Amino acid sequence: MQEPNSAFLWPDAPEADKYSVCVHCGFCLEVCPTYQQLGDENHSPRGRVYLIKQAAEGVLPLDESVVDPVFTCLDCRACETVCPSGVQVGALIEEARGQVFHAAPARGWKGLIQRFFLRAVFPKPRRLKLLAGLLRFYQRSGLQRWVRKLRLLAVLPKHLREMEAILPKVPDRRAIDALPPEIPATGSTDKGVAGLFTGCVMDVFFADVNQATARVAARNGWRVRVPKDQLCCGALQVHAGDRDMARQMARRNIDVFLASGADRIIINAAGCGAALKEYPALFRDDPVYREKAEQFSARVRDISELLVESGFEPPQGEVPRTIAYHDACHLCHAQQVRTQPRTLLGAIPGLCLVEMADSDRCCGSAGIYNLTHPEMAGALLERKMDDLPDGIDGVAMGNPGCMMQLMVGAHRRQADVEILHTVELLDLAYQREEVGTR
Ligand code: SF4
Ligand code: SF4
């Protein structure tokens, strides 16, 4: 029930039972990366919750005083981990952004780019693959070499030039489409069907991580099914406030995966995993899809979560590397998955796992935050790079956005550090035992 003078005029507004439980204790302040950087209460969790409450109660209009703090938030959820009252800051931020999306839609170039990517590309797998094809052509035809040689990218801001520099090579179309619809279990037990959610960024830039995920799940007794009609999860749309588009995409994914017969829905991207687990929140006013979304979300597992929960065979192949682990925010804060990736890495013979300081502080990637707020994202990346322990060979993590962000960091510092997904290391250990390196 909205307040009579509320600045939030559209459905799906921030709910009083979410913001009214804040007791203003301030425990969240010291873990909030934007508060740490800016030292401004408005850019802290407590400040943002208060501003949202003021707008909901009609005390403040939905102007820059509210919009800026709401969009400067990384939606990293570090505040939720420490909040004694269980304030769902992430949900409040996302719902408030939904109101801004209606009240003040982005205009000009910004609006055009936003609509192009959020509505015309990510929800359409064919267009996404077409875009990937253009990028592949740019990278392989020699065009990229010439563009760099002629310094044509000098017109771009520094962070975009850096993104271009580290963009992983788009694999062949064959590699992107390499996953068959069904991969039989190769382990000694049959644990059921795991539906693989392939994601959009993972599918295009890190197709090998998806293949590693499927092999590792199959190796541990899961029949892996890859429903071909699935769409991108909609997390980017939720973060941008485009909740109607996110709902459309969620409906399709729910229907496709529930019809696939999957006992578990597995995912290797933290941001997508959190979005899939939170589908029910998108359907709070739709009882039919709310129930379906609950069935769907109850089956979603991060790949590390699935393996530890259902049991995995310790690999025998050696991977003699010293690896630090970075906790992706949407894995540790949003899904409370912290120990499982460490358990997997710790089970790899020869691998030395070292802890890094503040491993669960955001690296600044945060969906497209590094594009919309490059200064804050850049400052957080510097802090993350400063925290990498000396003498490591690589950093493992469970999110493609963080992988790209840390690739930028390694490029910036000319650091000889591999940026890896946790499941790649586990897969490598299994592959090495098959070729008898141990
Ligand atoms: S920790 Fe939770 S209850 Fe305390 S100020 Fe922050 S959001 Fe409010
Ligand atoms: S989600 Fe992250 S950036 Fe946003 S208020 Fe919470 S701790 Fe701060």
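Preceding block: the structure.
Values in this document were obtained by computation on a predicted structure and should not be read as measured data. One numbering rule holds for all chains: residues counted from 1, following each sequence as written. Lettering of chains starts at A and numbering of ligands starts at 1, both following the order in which they are written. Totals for whole chains, interfaces and linings use all residues, but because this is a predicted model, local features are given only for residues with pLDDT of at least 70 and pairs of side-chain atoms are given and counted only at 80 or more. Neither water nor hydrogens contribute to the side-chain values; these are computed over all heavy atoms in the structure.

Novice: Explain the environment of A298 to me, please; I cannot follow it from the model alone.
Specialist: Locating A298 in the fold gives a position in helix 18 (residues 287-298). The buried label applies to any residue whose accessible area, calculated with a 1.4 Å probe on protein chains only, is under 20% of its type's maximum; exposed applies above 50%, and partly exposed to all values in between. For A298, a relative accessible area of 51% gives the class exposed. Placed 35 residues apart in sequence, A298 and D263 show a C-alpha to C-alpha distance of 9.8 Å. Strands are runs of DSSP state E lasting at least 2 residues, helices are runs of H or I lasting at least 4, and numbering of each runs from the N terminus.

Novice: What's the story with the site of ligand 2 in this structure? I'm lost.
Specialist: Here a residue counts as near a molecule or strand whenever at least one of its heavy atoms sits within 4 Å of it. Taken together, C32, P33, T34, P45, R48, C73, L74, D75, C76, R77, A78 and C79 are the residues near ligand 2. When contributions to the shell around ligand 2 are tallied by element, the ones reaching two or more residues are helix 2 (33-38), helix 3 (45-56) and helix 5 (78-82).

Novice: Explain the side chain of D427 here, please?
Specialist: Its location among the elements puts D427 in helix 25 (residues 422-434). By relative accessible area, which is 6% here, D427 ends up buried. What makes two residues a contact is simply this: any of their non-hydrogen atoms within 4.5 Å. Every residue in contact with D427, bar those within four places of it in the chain, is listed here: A212, R215 and V216.

Novice: I tried to follow the sheet that holds strand 7 (residues 352-354) on my own but got confused; where do I start?
Specialist: What links the strands of a sheet is backbone hydrogen bonding, and the strands pair in either a parallel or an antiparallel sense. As summarised here, the arrangement of the four strands in space is 7-6-8-9, forming an open sheet in which the pairing is parallel. The sheet is open, and its two edges are formed by strand 7 and strand 9 (418-421), each paired on a single side. The sheet shows a mean angle of 35° between the axes of neighbouring strands, direction not considered. Strands are treated as partners if at least two bridges between them are detected by DSSP. Across four bridges, the pairing between strand 8 (residues 394-397) and strand 9 is parallel. The partner of V395 across the bridge, within strand 9, is I419. Packing of helix 24 (residues 400-413) onto the sheet brings it into contact with strand 8 and strand 9, and relative to strand 9 it is tilted by some 175°. Every axis in this analysis is a line fitted to C-alpha atoms, fitted for helices over the stretch in contact. Angles between the N-to-C directions lie between 0 and 180 degrees.

Novice: Please clarify how the site of ligand 1 should be interpreted in this entry.
Specialist: Taken together, C22, V23, H24, C25, G26, C28, R46, C83, P84, S85 and V87 make up the full set of residues adjacent to ligand 1. Partitioning the shell around ligand 1 into residue classes produces seven nonpolar, three polar and one charged. Here the nonpolar group is Ala, Val, Leu, Ile, Met, Phe, Trp, Tyr, Cys and Pro; Asp, Glu, Lys and Arg are the charged ones; every other residue, Gly included, is treated as polar.

Novice: In this structure, what is going on with the nonpolar core? I would like to understand it.
Specialist: Looking at soluble globular proteins, one finds that nonpolar side chains tend to be buried together. Within the largest apolar cluster, 72 residues are counted, with the highest numbers of intra-cluster contacts made by F206, V224, I348, V395 and L425. Source of the domain bounds: an automatic or database domain assignment. Counting only domains with at least three residues in this core, you end up with domain 2 (173-308) and domain 3 (314-434). Only buried Ala, Val, Leu, Ile, Met, Phe, Trp, Tyr and Cys residues count toward a nonpolar core, and they belong to the same one when joined by side-chain atoms within 4.5 Å. In terms of nonpolar packing, the next biggest core, distinct from the first, is built from 24 residues, A250, A262, C272 and Y279 among them.

Novice: Would you mind going over the pairing of strand 8 with me for this structure?
Specialist: Looking down a regular strand, the side chains alternate between one sheet face and the other. Because side chains alternate across strand 8, one face comprises the buried residues G394 and A396, and the other comprises V395 and M397, equally buried. Strand direction decides the pairing type here: strand 6 (residues 322-325) and strand 8, joined by three bridges, are parallel. Its bridge partner lying in strand 8, I323 is registered against G394. If the strands point away from the viewer and the path from the first strand over the helix to the second runs clockwise, then the crossover is right-handed. The β-α-β motif built from strand 8, the intervening helix 24 and the parallel element strand 9 has right-handed crossover chirality.

Novice: Honestly, helix 3 in this entry has me stumped. Any pointers?
Specialist: Count 3.6 residues to each turn of an α-helix, and residues three or four apart come out pointing the same way. Each residue after the first adds 1.5 Å to the expected span of a helix. Taking 1.5 Å as the rise per residue, helix 3 with twelve residues should run 16 Å; its terminal C-alpha atoms sit 16 Å apart, in good agreement. Most of helix 3 sits out of view: nine of its twelve residues are buried. Taken together, the buried residues of helix 3 touch helix 1 (16-19), helix 2, helix 4 (64-72), helix 5 and helix 6 (89-103). Immediately beyond the C-terminal end of helix 3, within one or two residues, lies G58, with a positive phi of roughly 80°.

Novice: What am I meant to see in unusual backbone geometry here?
Specialist: As a rule of thumb, non-glycine residues mostly have phi less than zero, and peptide bonds are mostly trans rather than cis. Within the chain, Q336 stands out as a residue other than glycine whose phi angle is a positive 55°. You can see Q336 is positioned in the loop between helix 20 (329-332) and helix 21 (339-346). Assessed through its relative accessible area of 56%, Q336 is described here as exposed. Here A366, not a glycine, exhibits a phi torsion of approximately 45°, which is positive.

Novice: Explain the sheet that holds strand 4 (residues 264-267) to me, please; I cannot follow it from the model alone.
Specialist: Pairing in this open sheet of five strands is mixed, and the strands run 1-3-2-4-5 from one edge to the other. In this open sheet, the two edge strands, each paired with only one partner strand, are strand 1 (182-183) and strand 5 (300-302). Packing against the sheet, helix 13 (residues 207-219) makes contact with strand 1, strand 2 (192-196), strand 3 (222-225) and strand 4, and its axis sits at approximately 150° to strand 3.

Novice: Help me out: how do you make sense of the pairing of strand 3 in this one?
Specialist: Side chains W222 and V224 project from strand 3 onto a buried face, and the interleaved R223 and R225 project onto a face without burial. When strand 1 meets strand 3, the two strands line up antiparallel, connected through two bridges. The residue bridging I183 from the neighbouring strand is V224, located in strand 3. Here strand 2 pairs with strand 3 via four bridges, running parallel. In the sheet register, A194 faces strand 3, and the bridge partner there is V224.

Novice: Hey, could you run me through the pattern of salt bridges in this one?
Specialist: Opposite charge on two side chains permits pairing when their charged atoms draw close. Just to be clear on terms, a salt bridge is a Lys or Arg side-chain nitrogen sitting within 4 Å of an Asp or Glu carboxyl oxygen. Applying the stated rule across the entire model yields 35 salt bridges. A salt bridge links D242 to R119, with the nearest nitrogen and oxygen atoms 2.7 Å apart. Here D242 is found in the loop between helix 14 (235-240) and helix 15 (243-259), whereas its partner R119 is found in helix 7 (residues 108-121), with 123 residues between them in sequence. With relative accessibility at 1%, the residue D242 sits in the buried group. We classify R119 as partly exposed; its relative accessible area is 35%.

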